[in-house]
Amino acid sequence: MRAAVFQRYGPPEVVRVAEVPRPEPRAHEVLIRVEAVAVTSADARIRGARFPPGFGFLARLVFGVVRPRRRILGSCFSGVVESVGSGVDDFAPGDEVCGMTGTRLGAHAQYLTVAAKRIARKPPEVFHEDAAGLLFGGTSALCFLRDKASVGPGVTVLVNGASGAVGTNAVQLAKHLGAAVTGVTSSGNADLVTKLGADHIIDYAQDGLSTVEERFDVVFDTVGNLSIGSGRRLLNTDGVLILAVAGLGDTIRARGKVVAGAAPERVEDFAFLLQLAVEGEITAVLDSVYDLDEVADAHRRVDSGHKLGNVIVRPQPR
Ligand SMILES: NC(=O)c1ccc[n+]([C@@H]2O[C@H](COP(=O)([O-])OP(=O)(O)OC[C@H]3O[C@@H](n4cnc5c(N)ncnc54)[C@H](OP(=O)(O)O)[C@@H]3O)[C@@H](O)[C@H]2O)c1
């Protein structure tokens, strides 16, 4: 099979398409023909070995100290079950599924093996590209806003980085939960973020966050330019600060009304997001869709720091 392989940490050019053996599913795994897979900001971080301050050493222990241990990136995929391991009875060849592979990665390929407990059925109404695009930002926005900050009707939420993969989901989910949403974005993306449900827009190029007078019940930073100190300044008393890109120091200090750390990858959350997509409550915002041969271009787009929602790769020949 063909896969996007990288042998060393570095710029987008280190990722190349190569022939590699097709994996075989173990007893509790399924083999999936990948139809669409996201190139996420996390994939680009791992490829470039660029981790939030203080996390470099820990991350390299997981992903490979000198060279990448996992040679194929990619975790948020959608595809079709090709075969199942001997211990799998809830999925069968032909089922349309999507999921996340966690730190095992491996989804930037034509085929992927993954534990059956890590996948959800993809409703026919949701395209593969949209399913692959929803998972990365959707699961983190859901965990932080619904589970950690208990966002509900009447709550005011500021989403910093409202046009990224996490931000576009955060705006829509906060709105779905009944919140009044302010999105921080650039003027070029203001219309999109408004369409996604933001009631107010702050243009970060015009009005820096340090000049904002308003206070919010929840501040969700998906950019990484807020600290515990600067984020708290934007909060009402008892407000919740969510730092999705905290360095090690703020992650250790985060407790109570300050939330940091990694969001979990839960199948029930995948199913919840997919159902919202079926109902038209959320949409996957797609920046661009690339063929597997263009995977380095996909990484370049992610590295720009200005993608709009999600960058998707289609590994199967068209
Ligand atoms: N903790 C967790 O579990 C978790 C989970 C998922 C992701 N993350 C982290 O969350 C971060 C965001 O991920 P992502 O994939 O959503 O990023 P992304 O899609 O790459 O973000 C790009 C977007 O950020 C906007 N942006 C750039 N600078 C900005 C600024 N100063 N103010 C406001 N918006 C700005 C850009 O808009 P313009 O083009 O208008 O500049 C662009 O639309 C990443 O660092 C990722 O590692 C954490």
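What you are looking at is a predicted structure, and each value in this text was computed from that prediction instead of being measured. (Residues numbered from 1 in each chain as written. Predicted model: local features only at pLDDT ≥ 70, side-chain atom pairs only at ≥ 80, totals over all residues. Heavy atoms only, no water.)

A.B. asks: How would you summarise the nonpolar core if you had to cite specific residues and measurements?
C.D. replies: In this structure, Leu145, Val151, Val157, Val171, Val218, Phe220 and Ile242 are the most contacted members of the largest nonpolar core, which totals 48 residues. Listing elements by their share of this core, those giving two or more residues are strand E3 (29-39), strand E5 (96-100), helix H3 (128-148), strand E8 (156-160), helix H4 (165-176), strand E11 (216-221), strand E12 (235-243) and helix H8 (267-278). Aside from chain neighbours lying at most four places away, what touches Val151 is Leu145, Arg146, Val157, Ala174, Leu177, Ala179 and Val218. Counting residues in each nonpolar core, the second largest holds 35 residues, with Val30, Phe77, Val81 and Ile119 among its members. (Core = buried A, V, L, I, M, F, W, Y, C linked by side-chain atoms within 4.5 Å. Buried < 20%, exposed > 50% of the residue type's maximum accessible area, 1.4 Å probe, protein only. Helix = DSSP H or I, 4+ residues; strand = E, 2+ residues; numbered from the N terminus. Contact = heavy atoms within 4.5 Å.)

A.B. asks: Describe the environment of Val285, naming the residues involved and giving the relevant values.
C.D. replies: Looking at where Val285 falls in the secondary structure, it is placed in the loop between H8 and strand E14 (286-291). Take Val285: its relative accessible area is 11%, and that puts it in the buried class.

A.B. asks: I'd like a description of the sheet that holds E11, backed by residues and values.
C.D. replies: On the basis of which strands lie adjacent, the open sheet formed by six strands has the order E10-E9-E8-E11-E12-E13 and parallel pairing. Sheet topology places strand E10 (200-203) and strand E13 (258-260) at the edges, where each strand pairs with a single neighbour. Along the sheet, successive strands turn relative to each other by an average axial angle of 15°, direction set aside. The strands touched by H3 within the sheet are E8, E11, E12 and E13, with E11 carrying the most contacts at an inclination of about 160°. Most of the contacts of H4 go to E8, to which it runs at about 170°, and overall it touches E8, strand E9 (180-185) and E11. (Pairing = 2+ DSSP bridges. Axes fitted to C-alpha atoms, helices over the stretch in contact; angles between N-to-C directions.)

A.B. asks: An account of the pairing of strand E15 (residues 310-314) is needed here, citing residue identities and associated values.
C.D. replies: Judged by how many residues are buried, E15 sits mostly within the fold: five of five residues are covered. Where burial is concerned, the two faces of E15 agree: the one with Asn310, Ile312 and Arg314 and the one with Val311 and Val313 are both buried. Pairing between E3 and E15: three bridges, direction antiparallel. Bridge pairing in E15 places Ala38 opposite Ile312. Inspection of the sheet shows E14 paired to E15 by five bridges, in the parallel sense.

A.B. asks: Hey, could you go over a nonpolar patch on the surface for me, with residue numbers and the actual values?
C.D. replies: Together, Phe57, Leu58, Leu61, Val62, Val65 and Val66 make up a nonpolar patch on the protein surface, roughly 570 Å² of accessible area in all. Structurally, Leu58 can be placed in helix H2 (residues 56-63). (Patch = residues over 30% accessible without salt bridge, like charges linked within 9 Å, V, L, I, M, F, W, Y side chains within 5 Å. Areas by Shrake-Rupley, 256 points an atom, 1.4 Å probe, with all protein chains shown as cover. Salt bridge = Lys/Arg side-chain N within 4 Å of Asp/Glu carboxyl O.)

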